[in-house]
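Geometric and topological summary
One-letter residues, chain by chain:
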Amino acid sequence: MGYNIVNGCVDIDDTDMYYVSFGRGKKKMVMLPGLSDGLSTVKGKGWILVSPYKKYLKDYTVYMFSRKNKMPEGYSISDMADDQIRVMKKLGIEKAYVCGVSQGGMIAQYIAINYPEVVEKLILAVTTPSVNDVAKGAVSGWIEMAERGDHTELMVDTAEKTYSEKYLKKNRKFFPIIAKFTKPSSYERFDRNAKAILKFDMRDRLSEISAPTYIIAGDDDKTVGNDAVKELMAGISNSEHYIYAGLGHGVFDEAKDFYDRIFAFCDK
């Protein structure tokens, strides 16, 4: 079957935003990735990124967005949400199931609160309602590594804080090799994405989220900590949750049923 893969770009102000989409289904799913988007966008990667969505594309059209390419200094998570909505409207996406992973989940929280009419259902995966001590330590460390230009250390530390020990034992030796081929020409996008996280705090506004919400996490998250999911659960009244035992921030890569759970929630 054809997956109707589109590698697209939308103009916004003095820059643009890359996206990929797949499927022809009437239901719209918007996927917002994490901080890694600051290092590598979705540009031209439709054929790679379509893989976990293939069995859902009869009913869904899935859009995955990067952040815009040029970010002003002081660009905030709230600004990212506003720009995301502007681009969605340009593409004719009036209402969608919105899934945010990690930093994408922070953006999704703003979208659900400030633009509730756009959100059919909300999925928050391995994210947090504020930059707690664990998240601050991880992100601050990555900013310092990027400022030093130590890409190998950045990639290795990110992996160590993302994946389970079982996964790391199999793959740890490959991260320094991958780092040699993935160093960006500039860390500006990463730096501005990361610094936006350090100012993020939605704890006092979680009760404003009205969309049915599904919260997904691992019970050993070394990137946003294990209290983040509890705060989301306590703050969002119309929510369900699932916590993977033995997994951490990388549940989207390690849990075989991660996407099945998301789409099952959307179809309920």
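As a reminder, the structure under discussion sits directly above these lines.
Read on for a plain summary of the structure. (Residues numbered from 1 in each chain as written. Predicted model: local features only at pLDDT ≥ 70, side-chain atom pairs only at ≥ 80, totals over all residues. Heavy atoms only, no water.)

Describing the pattern of salt bridges
- Per the stated rule, a full pass over the model turns up 19 salt bridges.
- Across the pair aspartate 260 and lysine 55 runs a salt bridge, and its minimum N-O distance is 2.9 Å. Of the two residues, aspartate 260 is situated in helix 11 (residues 258-267) and lysine 55 in the loop between helix 1 (46-49) and strand 4 (60-65); the sequence distance between them amounts to 205 residues.
- For lysine 55, a relative accessible area of 61% translates into the label exposed.
- Put simply, arginine 192 and glutamate 188 hold a salt bridge, and the shortest N to O gap is 3.7 Å. Residue arginine 192 and its partner glutamate 188 are both found in helix 8 (residues 188-197); the two are separated by 4 residues, about one turn of the helix.
- Given a relative accessible area of 21%, arginine 192 falls into the partly exposed group.
- Overlapping salt bridges bring together Asp13, Lys68, Asp83 and Arg86 as one network. (Salt bridge = Lys/Arg side-chain N within 4 Å of Asp/Glu carboxyl O. Helix = DSSP H or I, 4+ residues; strand = E, 2+ residues; numbered from the N terminus. Buried < 20%, exposed > 50% of the residue type's maximum accessible area, 1.4 Å probe, protein only.)

A few points about the packing of helix 4 (residues 133-148) against helix 8
- Two elements in contact, helix 4 and helix 8, have axes whose closest approach is 10 Å; the angle formed by their N-to-C orientations is 160°. Taken as axis vectors, helix 4 and helix 8 run roughly antiparallel relative to one another. The chirality of how helix 4 crosses helix 8 is left-handed. Packed against helix 4, whose contacting residues are Val139, Trp142, Ile143, Ala146 and Glu147, the element helix 8 presents Phe190, Asp191, Ala194, Lys195 and Ile197 at the interface.
- Of the residues in the contact of helix 4 with helix 8, the class split is 7 nonpolar, no polar and 3 charged. (Axes fitted to C-alpha atoms, helices over the stretch in contact; angles between N-to-C directions. Parallel < 35°, antiparallel > 145°, perpendicular 65-115°, else oblique. Left-handed = near helix turned anticlockwise from the far one by under 90°. Contact = heavy atoms within 4.5 Å. Nonpolar A, V, L, I, M, F, W, Y, C, P; charged D, E, K, R; others polar.)

Brief notes about a nonpolar patch on the surface
- Where nonpolar side chains cluster on the molecular surface, the patch consists of Phe174, Ile177, Ile178 and Phe181 and spans about 440 Å² of accessible area.
- Mapped onto the elements of the fold, phenylalanine 181 is located in the loop between helix 7 (175-180) and helix 8.
- Its relative accessible area of 71% is what places phenylalanine 181 among the exposed residues. (Patch = residues over 30% accessible without salt bridge, like charges linked within 9 Å, V, L, I, M, F, W, Y side chains within 5 Å. Areas by Shrake-Rupley, 256 points an atom, 1.4 Å probe, with all protein chains shown as cover.)

Thoughts on the packing of aromatic side chains
- Scanning all chains against the criterion turns up 15 aromatic pairs.
- A centroid spacing of 4.8 Å and a plane angle of 75° characterise the contact between tyrosine 242 and tyrosine 244, whose relative ring orientation is edge-to-face.
- Given a relative accessible area of 7%, tyrosine 244 falls into the buried group.
- Arranged with centres 5.0 Å apart and planes meeting at 90°, the rings of phenylalanine 258 and tyrosine 259 form a pair that is edge-to-face.
- A residue is classified by how much of its surface remains accessible, and tyrosine 259, at 17% relative accessible area, is buried.
- Among the aromatic residues, those joined into a cluster by ring pairs are Phe22, Tyr53, Tyr56, Tyr60, Tyr97, Phe258, Tyr259 and Phe263.
- Stacked on the ring of phenylalanine 265, the Lys or Arg lysine 121 has its end atom at 5.0 Å from the ring centre.
- One residue, arginine 261, lies across the ring of tyrosine 242, its end atom 3.4 Å from the ring centre. (Phe/Tyr/Trp six-rings, centres within 6.5 Å; stacked < 30°, edge-to-face > 60°. Lys NZ or Arg CZ within 6 Å of the ring centre and 35° of its normal.)

Examining the packing of helix 2 (residues 77-90) against helix 3 (residues 103-114)
- Direction vectors running N to C along helix 2 and helix 3 enclose 70°, while the axes themselves pass 8 Å from each other. Considering the angle they form, helix 2 stands roughly perpendicular to helix 3. Where helix 2 approaches helix 3, its residues Ile77, Ser78, Met80, Ala81, Gln84 and Ile85 are matched on the opposing element by Gln103, Met106, Ile107, Tyr110 and Ile111.
- Counted by class, the contact of helix 2 with helix 3 contains 8 nonpolar, 3 polar and no charged residues.

Details of unusual backbone geometry
- For asparagine 4, which is not glycine, the phi dihedral falls at a positive 50°.
- Relative to the helices and strands, asparagine 4 is located in the segment before strand 1 (6-12).
- By relative accessible area, which is 34% here, asparagine 4 ends up partly exposed.

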